[in-house]
Amino acid sequence: MTVEQITHHFLAHRNVTNELINKIEAGHYEYKPAPTSMSAFDLSTHILTSFYAFASVVKSGDLSPLGQKADFSGKSLSDLAAEYTQKTVDVLRSLSEDDLNKTIDTTAAFGRKLPGSQLLQMAIDHEIHHKGNLYVYVREMGHTDLPLFVQFG
C-alpha cells in the first residue's frame, strides 16, 4: 500500500471512531460497561493516541513514541479526536516509501522486528478492535443512530 492508500484506509475507520466519540457527553466520560473496562474517556484517548504513536514509531524508527504520555487536561473528547486525527494524518503523509519498507526493532513491544507497513496495519487492526468496543459503550449510553463501521470518502 502507498502512504495515500494507508491514510485513506485510516480515515475510513477514524471518521467513524470520531463520530462515536462525538456521541459521548462529558457526563459519560467515566462510564464503563463493566467494572474491569476502561472508562469511555480512557478508551477514546487510548484509540486516539495509539495510532498516532504507531505512526510516529514508523517515522522515527524507534519505540519511544509508544511510551509518551499526553496531557488531556481541559480538552473535550471531541477536541481530542479532531486534534489527534489531524496529527496522525500529518505523520502519515510525511512518511516515505523507505519508512514503510524499513524494518523497525519492535521486539520489546511485539516480540519481533517489523516493517513499517506492517506496524501501520497493526495500528489499523487495533483501531478497528477498539472501535467495536466504542459501539458497545455508546449503545449502552442510549444512542441508537450509529454510523456504519466504515466510511469511504
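In this text, all values refer to a predicted model and were calculated from it rather than measured experimentally. The residue count restarts for each chain, going from 1 along the sequence in the order it is written. The model is predicted, so local features are restricted to residues of pLDDT at least 70 and side-chain atom pairs to those at 80 or more, both for listing and for counting; the totals for chains, interfaces and linings are taken over all residues. Each side-chain value is derived from all of the structure's non-hydrogen atoms; neither hydrogens nor water enter the calculation.

S.K.: Would you explain the confidence of the model for the protein in this entry?
M.R.: Predicted coordinates in regions of low pLDDT should not be interpreted in detail. Put simply, the protein has an average pLDDT of 95, and 99% of its residues get 70 or more. A score from 0 to 100, pLDDT tells how confident the predictor is in each residue. A run of DSSP states H or I qualifies as a helix once it reaches four residues; a run of E qualifies as a strand once it reaches two. Both are numbered from the N-terminal end. Predicted confidence in the protein is weakest over helix α5 (residues 107-110), with a mean pLDDT of 91, and strongest over helix α3 (residues 77-94), with 98.

S.K.: I would appreciate a short explanation of the nonpolar core in the present structure.
M.R.: Side chains that are nonpolar tend, in soluble globular proteins, to be buried together. Remark: nonpolar core denotes a set of buried residues (Ala, Val, Leu, Ile, Met, Phe, Trp, Tyr, Cys) joined through side-chain atoms within 4.5 Å. Between buried and exposed lies partly exposed: a residue is buried under 20% and exposed over 50% of the maximum accessible area for its type, with that area taken using a 1.4 Å probe on protein chains only. One finds L20, I21, I24, L48, L77, L80 and L134 to be the most contacted residues of the largest nonpolar core, which totals 20 residues. Mapped by element, the contributors of at least two residues to this core are α1 (3-21), α2 (40-60), α3 and α6 (116-140). Tallying contributions element by element places α2 first for this core, with 5 residues. Throughout, a residue-residue contact means that at least one pair of heavy atoms, one from each residue, lies within 4.5 Å. What I21 contacts, discounting residues up to four positions off in sequence, is S44, L48, L77, S78, A81 and L134. F10, L95, L114 and L120 belong to the second largest nonpolar core, which has 19 residues in total.

S.K.: Looking at this model, I keep getting lost on the pattern of salt bridges. Mind explaining?
M.R.: Pairs can form between side chains of opposite charge once their charged atoms are near each other. Each reported salt bridge corresponds to a side-chain nitrogen of Lys or Arg within 4 Å of a carboxyl oxygen of Asp or Glu. Counted by the stated rule, this structure contains 6 salt bridges. It is possible to trace a salt-bridge network through shared partners that takes in K59, D99 and K102.

S.K.: In this structure, what is going on with the environment of H129? I would like to understand it.
M.R.: Within the element layout of this structure, H129 appears in helix α6. H129 gets classed as partly exposed once you look at its relative accessible area, which sits at 48%. As for H129 and L63, which are separated by 66 residues in sequence, their C-alpha atoms are 22 Å apart.

S.K.: Looking at this structure, I do not really get the UniProt feature "binding site: a divalent metal cation" (unreviewed entry) in the protein. What am I missing?
M.R.: UniProt positions are given in the numbering used here, feature names are shortened, and annotations may be inferred rather than shown by experiment. The positions that UniProt labels "binding site: a divalent metal cation" (unreviewed entry) are, in the present scheme, H46, H126 and H130. Considering the C-alpha atoms alone, the annotated residues occupy 85 residues of sequence yet fold into one spot, their largest mutual distance being 10.2 Å. Positionally, H46 belongs in helix α2. Judged by its relative accessible area of 27%, H46 is partly exposed. Setting aside residues up to four positions removed in sequence, H46 forms contacts with M38, H126 and H130. N or O atoms within 3.5 Å of each other form a polar contact, as long as, within protein, one can give a hydrogen and the other can take it, and as long as residues adjacent in sequence are counted only when both atoms are side-chain atoms. In this structure the side chain of H46 is engaged in a polar contact, spanning 2.9 Å, whose partner is the side chain of H126. Summarising the element assignment, H130 is placed in helix α6.

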